[in-house]
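Observations on chain architecture
In case you want the letters, here they are:
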Amino acid sequence: MRQAGAYSGLLCGGVSGRTGPHSLPLARIKKIMKKSGEDVKMISGEAPIIFSKACELFIEELTRRSWIMAIQGKRRTLHKDDLTSAVIATDIFDFLITLVSNSDSHALGPSTTTVMEVETIDYS
């Protein structure tokens, strides 16, 4: 089995001894990275580890800000509306506004499937 390398100290925890210290699946992260563009062919072993930690930090920050919205609403359960409010209230999450506003415009029921269009950005 391949060792995580110098960056393994960044991560802690894990769901089991078999998955290593990573909370998010590195193979899935690498697959997403490869799908990001035709020019992305080779990815070092350390890159998905850093992306994993970045995703964890992103989720934690978004959750904290959403929790503040839930507390302001005098609730102790996080709802989708709390996430939407946190995204709208925080400038650094502006790139998510179209995502949360698209999901708000649909009446979501248990059997309703929502398809959201994602804008592709050309970085070249």
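See above for the structure.
Everything numeric in this text was worked out from a predicted model, so none of it was measured. (Residues numbered from 1 in each chain as written. Predicted model: local features only at pLDDT ≥ 70, side-chain atom pairs only at ≥ 80, totals over all residues. Heavy atoms only, no water.)

The interhelical angle for the contact between helix α1 (residues 26-35) and helix α2 (residues 46-72), taken along N-to-C directions, is 100°, at an axis separation of 9 Å. Here α2 runs roughly perpendicular to α1, going by the angle between their axes. Taken together, the residues of α2 that come into contact with α1 (itself represented by L26, I29, K30 and M33) are A47, P48, I49, F51 and S52. (Axes fitted to C-alpha atoms, helices over the stretch in contact; angles between N-to-C directions. Helix = DSSP H or I, 4+ residues; strand = E, 2+ residues; numbered from the N terminus. Parallel < 35°, antiparallel > 145°, perpendicular 65-115°, else oblique. Contact = heavy atoms within 4.5 Å.)

Along the chain, F51 falls in helix α2. In this structure F51 comes out as partly exposed when scored by relative accessible area, which is 42%. Those residues in contact with F51, other than ones at most four positions away along the chain, are I29 and M33. (Buried < 20%, exposed > 50% of the residue type's maximum accessible area, 1.4 Å probe, protein only.)

Counting five residues, the largest nonpolar core is built from L62, V87, F93, L96 and V100. Non-local contacts of L62, meaning those with residues more than four positions away in its chain, are made with L83, V87, F93 and L96. (Core = buried A, V, L, I, M, F, W, Y, C linked by side-chain atoms within 4.5 Å.)

As a further point, take the packing of α2 against helix α3 (residues 80-89). Direction vectors running N to C along α2 and α3 enclose 110°, while the axes themselves pass 8 Å from each other. Taken together, the axes of α2 and α3 lie roughly perpendicular to each other. Across the interface between the two elements, L62, R65, S66, M69 and A70 from α2 touch D82, L83, S85, A86, V87 and A89 from α3. Considered class by class, the residues forming the contact of α2 with α3 number seven nonpolar, two polar and two charged. (Nonpolar A, V, L, I, M, F, W, Y, C, P; charged D, E, K, R; others polar.)

With that out of the way, let us pick up the packing of aromatic side chains. Summed over all chains, the structure comprises two aromatic pairs. Look at F58 and F93: their rings are 5.7 Å apart centre to centre, the planes differ by 85°, and that puts the pair in the edge-to-face class. Of this pair, F58 sits in helix α2 while F93 sits in the loop between α3 and α4 (97-104); the two residues are 35 residues apart in sequence, bridging distant segments of the chain. Overall, F93 belongs to the buried group, its relative accessible area being 2%. Taking 6.2 Å as the distance between ring centres and 40° as the angle between the ring planes, the aromatic pair formed by F58 and F95 counts as tilted. In this pair, F58 sits in helix α2 while F95 sits in the loop between α3 and α4, placing the two residues 37 residues apart along the sequence. (Phe/Tyr/Trp six-rings, centres within 6.5 Å; stacked < 30°, edge-to-face > 60°.)

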